[in-house]
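Here is what each chain is made of, one letter per residue.
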Amino acid sequence: MPRLIALLLCSLFLALHGLAQQPDRSLQVLSGAEVRVDGRLDEPVWQQGQWSGKFWQYFPFDSTLAVSRTEVKTARDEQYLYVAAILYDSLPGEYVTQSLRRDFQGETVDGFAVILDPFQDQTNGFFFAINPFGVLSEGLIANGGENPEDLDLSWDNIWKGEAQRNANSWTVEIAIPFKTLRFPEGSREWNINFYRTDTKYNERAAWSRVPRQLPLINLAFTGSLRWTEPLGKPGSNVSLIPFAAGGGSRDYLGGEDWQGHLSTGGDAKIAITPSLNLDLTINPDFSQVEVDVQQTNLDRFEIFFPERRQFFLENGDLFASFGFDNARPFFSRRIGVAIDSATGQNVQNRIWLGARLSGRLDENWRVGLMNMQTAQDPIINQPSYNYTVAAVQRQVFARSNISAILVNKANFDGQPVDVAQPGDGSNSQLLGLDYNLASADGRWNGKIYYHHSVDEGQQEQPFSHGATINYNTLRFFASWTHQIVGRDFDAKVGFVPRTDFQRINPVVGYNIYPQSKWINRHTFSLSNNIIWNEQWGMTDYNFALNYNLDFQNTSNFTFSLLSNYVKLFFPFNPTGSTEQLFLPGDDFDQTGFLAAYQADQRKPFFYRLQLISGGFFNGNLRQLSGQLNYRYRQYATLAMNFNVNRIDLKEGFEDATLLLFGPRVDLTFSKSVFFSTFVQYNSQFDNININSRLQWRFRPVSDIFVVYSDNYFPEMLQPKNRALVFKMTYWLNL
């Protein structure tokens, strides 16, 4: 039956493709520009030609021209693409921004963004943004920008931008080096879009119209950027990024005194062609200067933390987007990062060296090849490993592609390891094939995949297969997903928290857009997720009836009725206790509700609250979580994350209250000097973590960090470990 469904879906995928959408807007690039990037727009080139305006409103409606008038113009010289914009503003009041820190984001801050798709494949692109205070943000767009998560703002590169605030407008100048971009030599045309967020008019608008049920970053709805002459090679493109780090640490649990350390290393980025890049790293310092935001885990399986390390980010979708979120064959955080079980914090596993070749061979082919060698770490019982990952992607139809991946993990020491730990084990290989669907009009998207693992010993069902298809219009949306993960599927360098299951997940929903001053949209949806296997039958059933209310002021309210069923197939206690365990075969019917409210984030004080209440295993769960924030203009933000879980169990099981609190102070003294302190108390790990960081960005993408971290037992504040780190990185373009 699953094979028949897969064949039917595959046939449907092929039938859904049409011709690529033709851009309905175009913009000519002016040549011979001489621009000083100061945001003033007083250079002669900006006095030439016509400004392009008439932005289309995206929010609160998408059927009219924007109220806030915006005009754009582009120019070039031999090194840069220049973008100029005039963003008119006739209302009094201050502009809204999160801070002066780079990589601002969100739909409720003032900003102007440029989206570039140099290969015109409507699949991968670049994102550059600036706010009225001249703060920059850049990122990579993958998977066609079908979902907001397809924009990765962790990517950094060198470019310039400035803004000027005037009486009735603010103006922008942006200079993007051709060396920063990946594009085909001889290009005569790129895809481009611009969008603006105006918090005073509470409006978001795009130069090339984007339907409001889709993200603004969606690459199916772009205009055309036309060059007066074909683009040549950008010249030598080599970047060196050395670092030096030093400091001291003390392990109180191990009874050690302060230990000093000093390390140096670095990365190199070498453009083999304008669209193919070689990244090299020697003794990289992959310690994170910003800690992960911890989560309370009430589930039976591992939780996911995103990748933030620069080496893995560019063209990261080539390696990381295979499979589904719950069955990734490759997860880069398996390399060079391990978990300290005493604190729940990430610890670094030293990497000796690595190389990564990634990018495009031509308009249809993308390739990725990565090799990393890690050091032995006796403390966490990890030998020296070599990791090799190879991926290839072929563009088909309008915006779809076929991708293949090979993952190999080799134990260089030949020493036994603790295979109970995620990512541990001996030699292993994995092969995978994915077909990714994205229709030209953005209504259809989906995926079908098959992955096969090869490991030592006899295996049964060493495969993972899944298929999903989504349909999304202004009013109606629906999706179908099915998945089979075999008993012996073993992605040792992947993220697969659960194996030996089959799953179906249909979703259907409807949007209502009233003519209202207060309400923007009502959304009703049904979701039904069913999981089973041959041994235990049905193990999970998750039904949800959802209602979402979006207000015109950007706040929103969600309410869900929940009906869940769980059958255990290994001993488990959701409180974390190991003395009292539910047994395999125990099953539970659970009903309850979820209610959540997100306040207007344009206000100085804003918050998010979520309440879950209902059945939980043989008892009940009441969970209150959220975040409280106060922002003082662009200079300071005070925040409090919290998650309180009260678990009341029956039949002799002890009750529990799990607490997670995370106060944070974020100060931005200027666009180059920042300070933050983050405290996290997690009763599940019996740990208090403090992370304080001072950052000075003394030149583009070059920083000096001073980071202090501390971990304590909550009782009597007894220390576990402590560290003080100094780190300097320098980005040098040759």
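Residues numbered from 1 in each chain as written. Predicted model: local features only at pLDDT ≥ 70, side-chain atom pairs only at ≥ 80, totals over all residues. Heavy atoms only, no water.

(A) Looking closely at the overall build of the protein. The helix and strand inventory of the protein stands at 2 helices and 41 strands. Sorting the 734 residues of the protein into buried and exposed places 55% on the buried side. Within the protein, counting contacts between residues at least 6 apart in sequence, those at least 24 apart form 60% of the total. (Helix = DSSP H or I, 4+ residues; strand = E, 2+ residues; numbered from the N terminus. Buried < 20%, exposed > 50% of the residue type's maximum accessible area, 1.4 Å probe, protein only. Contact = heavy atoms within 4.5 Å.)

(B) Representation of the environment of Y712 in the model. Of note, Y712 is situated in strand β39 (residues 702-713). Sequence separation of Y712 and I688 is 24 residues, and the distance between their C-alpha atoms is 5.0 Å. Not counting residues up to four positions away in its chain, the partners in contact with Y712 are D686, N687, I688, I690, L717, Q718, P719, K720 and R722. Engagement of the side chain of Y712 in a polar contact is seen with the side chain of D710, the distance being 2.7 Å. At a separation of 3.1 Å, a polar atom in the side chain of Y712 contacts the side chain of R722. (Polar contact = N/O pair within 3.5 Å; in protein donor to acceptor, adjacent residues only side chain to side chain.)

(C) Geometry of the packing of aromatic side chains. According to the stated counting rule, one finds 33 aromatic pairs in the structure shown. For the ring pair F128 and W155, a centre distance of 6.4 Å and an interplane angle of 70 degrees mean the geometry is edge-to-face. Residue F128 is located in strand β6 (residues 125-130), and its partner W155 is located in the loop between β8 (151-152) and β9 (160-165); the two are separated by 27 residues in the primary sequence. F128 gets classed as buried once you look at its relative accessible area, which sits at 0%. Taking the centre distance of 5.9 Å and the plane angle of 10 degrees together, the rings of F582 and F617 count as stacked. You can see F582 sitting in the loop between β31 (556-567) and β32 (587-598) and its partner F617 sitting in the loop between β33 (605-616) and β34 (619-632), a full 35 residues away along the chain. Just as F582 is buried, F617 falls in that class too. Taken together through their ring pairs, the aromatic side chains of F572, F582, F588, F616, F617 and F653 make up a single cluster. (Phe/Tyr/Trp six-rings, centres within 6.5 Å; stacked < 30°, edge-to-face > 60°.)

(D) Quick look at unusual backbone geometry. Going from F59 to P60, the amide bond is cis rather than trans, its omega being 10 degrees. Inspection of the secondary structure puts P60 in the loop between β2 (56-59) and β3 (70-76). Residue K54 is not a glycine yet carries a positive backbone phi of 55 degrees. Within the secondary structure layout, K54 lies in the loop between β1 (26-30) and β2. On the accessibility criterion, K54 (65% relative accessible area) is exposed. Residue T554 is not a glycine yet carries a positive backbone phi of 80 degrees. Looking at where T554 falls in the secondary structure, it is placed in the loop between β30 (537-551) and β31.

(E) Representation of a nonpolar patch on the surface. Taken together, F476, V508, Y510, I512, F524, L526, L545 and L561 make up a surface patch of nonpolar side chains, about 640 Å² in accessible area. Elements that contribute at least two residues to the nonpolar patch include exactly β28 (507-512) and β29 (519-533). If you tally residues by element for the nonpolar patch, the top one is β28, at 3 residues. When you line up the elements, F524 lands in strand β29. A residue is classified by how much of its surface remains accessible, and F524, at 41% relative accessible area, is partly exposed. (Patch = residues over 30% accessible without salt bridge, like charges linked within 9 Å, V, L, I, M, F, W, Y side chains within 5 Å. Areas by Shrake-Rupley, 256 points an atom, 1.4 Å probe, with all protein chains shown as cover. Salt bridge = Lys/Arg side-chain N within 4 Å of Asp/Glu carboxyl O.)

(F) Structural view of the pattern of salt bridges. Following the criterion strictly, the structure yields 31 salt bridges and no others. For the salt bridge of D198 with R196, the shortest nitrogen-to-oxygen distance reads 3.3 Å. Here D198 and R196 have matching classes, each one buried. Within this structure, R182, K269, D279, E314 and R356 form a network of salt bridges that share partners.

(G) Up close: the confidence of the model for the protein. The share of residues in the protein with pLDDT of 70 or more is 90%, and the mean pLDDT across the chain is 88. No element of the protein has a lower mean pLDDT than helix α1 (residues 2-15), at 45, and none a higher one than β28, at 98. Between residues 1-23, whose pLDDT stays under 50, and residues either more than four places distant or in other chains, the model counts 47 contacts. (pLDDT = per-residue confidence, 0-100.)

(H) Up close: the pairing of strand β38 (residues 687-699). In this sheet, β38 lies alongside strand β37 (residues 673-682) in antiparallel orientation, the contact comprising 10 bridges. Residue pairing in the sheet places Q680 in a bridge with N689 of β38. (Pairing = 2+ DSSP bridges.)

(I) Geometry of the side chain of T171. On the secondary structure map, T171 appears in strand β10 (residues 169-177). In terms of polar contacts, T171 uses its side chain to reach the backbone carbonyl oxygen of G39, at 2.5 Å. Other than its neighbours up to four places away in sequence, T171 contacts G39, L41, A85, I86, E162, A163, Q164 and N166.

(J) Seen up close, the side chain of T558. Tracing the chain through its elements places T558 in strand β31. At 2.6 Å, the side chain of T558 and the side chain of N548 are in polar contact.

(K) Fine view of the pairing of strand β19 (residues 351-360). In this sheet, β19 lies alongside strand β16 (residues 276-282) in antiparallel orientation, the contact comprising 7 bridges. Residue pairing in the sheet places N277 in a bridge with S358 of β19. Pairing geometry for β19 and strand β20 (residues 365-374), over 9 bridges, is antiparallel. For L353, the partnering residue across the bridge sits in β20 and is Q373. Between β19 and β20, which follow one another and run antiparallel, lie 4 residues.

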